[in-house]
Amino acid sequence: MTALGPAGPPAPPAPGRTAAAGRSVATTARGSLFGLAGSAANALFGFVLVAVVTHGLGARGAGAVFTGVAAFTILSNALKLGADTALVRFVSRDLELSGGAGVPALLRTAVWPTLLASSAGAAVLLCSPGLAGWLLPDLDPGQAAALLRLFAVFLPVTTVALVLLGATRGYGSVVPFVGVEQIGKPALRVLLAVPLVLLAPSVAGLSAAWLAPGVLGAVAAWVSLRRSRRTHPGTAQPPSQSREFWSFAGPRAVSSVFDITAVWIGVILLSVLGTGTEAGIYTAIGRLITAGTLLQLAIRLAVAPQISRLLAGGDEDGAHRLHRLSTRWIALFSWPVFVILAAFPGTVLSLFGPGFAGGAAGLLALAVACLVNVGVGNAQTVILMAGRSVWNLVVAGAAFVVQLGSGVWLVPRYGVLGAAVSWGLAIMVDNGASALLARYRLGFRTVDRGYVCAALITVVAVALPVFALRTFCGDRVPGALLGIVLAIGAFGAAVWRYRLPLGVGEFFGALRKRGSENSR
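Not measured: the values here are computed from a predicted model.

### Some details on the overall build of the protein
And then number 1: A count of helical and extended segments in the protein gives 22 helices and zero strands.
And then number 2: Counting only residues that meet the buried cut, the protein has 56% of its 520 residues in that class.
And then number 3: Residue pairs in contact within the protein that sit at least 24 positions apart in sequence constitute 84% of those at least 6 positions apart.
And then number 4: Carbon and sulfur atoms make up 69% of the accessible area of the protein, which amounts to about 21,300 Å² in all.

### Observations regarding the packing of helix 2 (residues 83-98) against helix 10 (residues 242-273)
And then number 1: At a minimum axis distance of 8 Å, the contact between helix 2 and helix 10 shows a crossing angle of 145°. The interaxial crossing formed by helix 2 with helix 10 has right-handed handedness. Where helix 2 abuts helix 10, its residues Ala-83, Thr-85, Ala-86, Leu-87, Arg-89, Phe-90 and Arg-93 lie against Glu-244, Phe-245, Trp-246, Phe-248, Ala-249 and Arg-252.
And then number 2: By residue class, the composition of the contact of helix 2 with helix 10 is eight nonpolar, one polar and four charged.

### Here we look at the packing of aromatic side chains
And then number 1: All told, the structure shown has nine aromatic pairs when counted by the stated rule.
And then number 2: Consider the rings of Phe-333 and Phe-491, whose centres lie 6.0 Å apart with planes at 75°: the pair is edge-to-face. Within this pair, whereas Phe-333 is found in helix 13 (residues 316-343), its partner Phe-491 is found in helix 20 (residues 477-497), the two being separated by 158 residues in sequence.
And then number 3: A relative accessible area of 37% means that Phe-333 is categorised as partly exposed.
And then number 4: For Phe-491, a relative accessible area of 14% corresponds to the buried category.
And then number 5: Members of the aromatic cluster, joined through ring pairs, are Phe-90, Phe-245, Trp-246 and Phe-248.

### Looking at helix 8 (residues 203-211)
And then number 1: Where burial is concerned, most of helix 8 is hidden: seven out of the nine residues are buried.
And then number 2: Of all the positions in helix 8, only Val-203, Gly-205, Leu-206, Ser-207, Ala-209, Trp-210 and Leu-211 are classed as buried.

### Things to note about unusual backbone geometry
And then number 1: Of note, Leu-81 is a non-glycine position whose phi angle comes to about 60°, a positive value.
And then number 2: Structurally, Leu-81 can be placed in the loop between helix 1 (15-79) and helix 2.

### Structural notes on the packing of helix 8 against helix 9 (residues 213-231)
And then number 1: Where helix 8 meets helix 9, the closest approach of the two axes is 5 Å, and the angle between their N-to-C directions is 5°. Classified by the interaxial angle, the pair formed by helix 8 and helix 9 is roughly parallel. Packed against helix 8, whose contacting residues are Ala-209, Trp-210 and Leu-211, the element helix 9 presents Pro-213, Gly-214 and Val-215 at the interface.
And then number 2: Per-class residue counts for the contact of helix 8 with helix 9 are five nonpolar, one polar and no charged.

Rules used in this analysis
- Residues numbered from 1 in each chain as written.
- Predicted model: local features only at pLDDT ≥ 70, side-chain atom pairs only at ≥ 80, totals over all residues.
- Heavy atoms only, no water.
- Helix = DSSP H or I, 4+ residues; strand = E, 2+ residues; numbered from the N terminus.
- Buried < 20%, exposed > 50% of the residue type's maximum accessible area, 1.4 Å probe, protein only.
- Contact = heavy atoms within 4.5 Å.
- Areas by Shrake-Rupley, 256 points an atom, 1.4 Å probe, with all protein chains shown as cover.
- Axes fitted to C-alpha atoms, helices over the stretch in contact; angles between N-to-C directions.
- Left-handed = near helix turned anticlockwise from the far one by under 90°.
- Nonpolar A, V, L, I, M, F, W, Y, C, P; charged D, E, K, R; others polar.
- Phe/Tyr/Trp six-rings, centres within 6.5 Å; stacked < 30°, edge-to-face > 60°.
- Parallel < 35°, antiparallel > 145°, perpendicular 65-115°, else oblique.

Okay, structure coming up:
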């Protein structure tokens, strides 16, 4: 034993564990920065694509395109069977325990079932013209069936690519995922969509422009994974992990369906129970909410394999500290975004064109819910990397029931606002329950001195000036611009003044240090 005894002081952490925890912080900081750049690019290209499609086809045509995108995204995320998240956890664990020798077996375990499942899903779509008419009632039945077949053709390759990218994240690098999913594919979609809108705008053409980059993305994912495997050949072949792999991936497969459905179910409900115009407005709101969670997504991509490796190596204290730091960074820089969205929702939505400002109440509801979302950090990631995929399933399932039940009742009555409120309720249920489980069942504490400091800065430096200007100037462009300028100035000054308790210096200090090979 390394401790002195019950009455003695706790033993200092082993040098190896201290070094590993320090490398994990550095890797997370570096990966988060790159992931943030990728998420920003993804949001920018996403805004441009929505603007191009809505201006080319109008809200009704755009609603049809993005309803197809919603259904496709839900299916591809469901048919990967949770294997991508499982690979993040199991590949990172294998690197810690055997140096990567078990990765080939893990890939065989993951890829073949997902390829078969996605091919079967594509076959069902190709043979179900009636489903197209139900999903896309605003289109001619023949046009709707052709559009559904188009999405079906690309389903297997996109699904397998997501699984391969999960394996690359397990190696500790976010570069392949960010390069493919957040920069490459979004940029290609815009490059393909712009000439189509200018020359021959159509629902089928713009849907194809959204789908086609997935083929190149799959090739890039495969090449990146091969490169990672060559740099980590491993030393000793571990025993088969197939049974444990699917015991984890099975519940995650179902919960991932709930997660992605939460983002897109509002579009589908509005298309079926409301109008195509409302679906288009709600899509724009979804883009804004996604933009507000850029940093949270970026840190999630970087922190997941690091927490998994620390837990696999027995360094629970290092994993807990990494979670507290990453949550503080997320809250500090994400809360101000949602405060501004809540203060000026109509002004922000007007950027998409006339008619979109009618969704201001919906954006306000979701902005409030997302204050809770970013405030708990990546509690779901902690639960998953600790191997508790069943917990994650139960929480996600409860949130889905809340969203679907309230959505079916609210959408026909309140349209966009009803869809937004139902999603907001699901967000608070999912994140609140995950935070409680991470804290009281796994011991991952979130609130500390730095966290409280971040909350106070958000209230004093951002919320007070922004809502004061909203009160005096209304939800209009001059008030929004002045409020953003004042908030940025006050926020920057406060962060500099309290940089030590906030841990900002530690974040940027980690960026300056040489990280592990996985972060290069």
